[in-house]
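Listed below are the residues making up each chain.
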Amino acid sequence: AQSVTQPDIHITVSEGASLELRCNYSYGATPYLFWYVQSPGQGLQLLLKYFSGDTLVQGIKGFEAEFKRSQSSFNLRKPSVHWSDAAEYFCAARAGGSQGNLIFGKGTKLSVKP
Amino acid sequence: NAGVTQTPKFRILKIGQSMTLQCAQDMNHNYMYWYRQDPGMGLKLIYYSVGAGITDKGEVPNGYNVSRSTTEDFPLRLELAAPSQTSVYFCASSTQGLSDTQYFGPGTRLTVL
């Protein structure tokens, strides 16, 4: 079955430190991949997406993600975390070339220490 | 441009009551979606619509109904509320299909007691 796994439920980093949030997918072929951020009490906002081409994708707010086919991963990174990045982050995927549903991971909550 | 709006923000229902969650978008998007988010879980698609008059089931449609009479509005109806429907409900819209960027509303927190 198609699935998206985010292994880390909660991560705490110090402000200014680098960040990597992990995402693994299980699909028959390379899916379309997305990262969303949800601030407390808010809806989700798209950070970036990958369909094809360059495997390093740049997004908003200084985030980037790298698609690695061999590892079935699409990890989100940021070189220097700001306190305002504290939020919940969701990886999502859907099968390419069809009307398949978006499947979301369970999310990773990011806390930022001053 | 308000984007995607949802009302109400919060609601408490008794078992067996019914209610309609409202969703509207002013971006002229063809596609609209309803998701539910349970604690510690990702979002699950309830229903979606590809245009006025056209709706289809998502992953978890049981206990819900939708209609899409206009491009702007996509209400979600709960006919007989059950405790299992306690959740946060998000409406979203996009220009094209499910690969397109989805714009989310702020959510409705529903509790069924």
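Conventions adopted
Residues numbered from 1 in each chain as written. Chains lettered and ligands numbered in written order. Predicted model: local features only at pLDDT ≥ 70, side-chain atom pairs only at ≥ 80, totals over all residues. Heavy atoms only, no water. Helix = DSSP H or I, 4+ residues; strand = E, 2+ residues; numbered from the N terminus. Buried < 20%, exposed > 50% of the residue type's maximum accessible area, 1.4 Å probe, protein only. Contact = heavy atoms within 4.5 Å. Salt bridge = Lys/Arg side-chain N within 4 Å of Asp/Glu carboxyl O. Disulfide = S-S within 2.5 Å.

**Here's the deal with the overall build of chain B**
A count of helices and strands for chain B gives zero helices and 11 strands. Taken from N to C terminus, the helices and strands of chain B fall in the order β-β-β-β-β-β-β-β-β-β-β. Its C-alpha atoms give chain B principal-axis dimensions of roughly 35 × 30 × 25 Å. The buried share of chain B, reckoned over its 113 residues, is 49%. Excluding contacts between residues fewer than 6 apart, the proportion of contacts in chain B whose partners are at least 24 apart in sequence is 55%.

**Observations concerning the pattern of salt bridges**
All names here are of chain A. If you walk through the whole model with that rule in mind, you get seven salt bridges over all chains. Between Arg77 and Glu66 there is a salt bridge; the shortest N-O distance is 3.0 Å. Placement of Arg77 in strand E9 (residues 73-78) and of Glu66 in strand E8 (residues 64-68) is noted, with a sequence separation of 11 residues between them. Among the residues examined, Glu66 registers a relative accessible area of 22% and is labelled partly exposed. One salt-bridge network, held together by shared partners, links Glu64, Glu66 and Arg77.

**Remarks on the state of the cysteines**
Residues and elements named next belong to chain B. Counted according to the given criterion, the structure contains two disulfides over all chains. For Cys23, the disulfide goes to Cys91, at an S-S distance of 1.8 Å. Taking the sign of the torsion about the S-S bond as the criterion, the disulfide between Cys23 and Cys91, at about -70 degrees, is left-handed. Residue Cys23 is located in strand E3 (residues 19-25), and its partner Cys91 is located in strand E9 (residues 87-94); the two are separated by 68 residues in the primary sequence. Each member of the pair Cys23 and Cys91 is classed as buried.

That is the geometry; function is a separate question.
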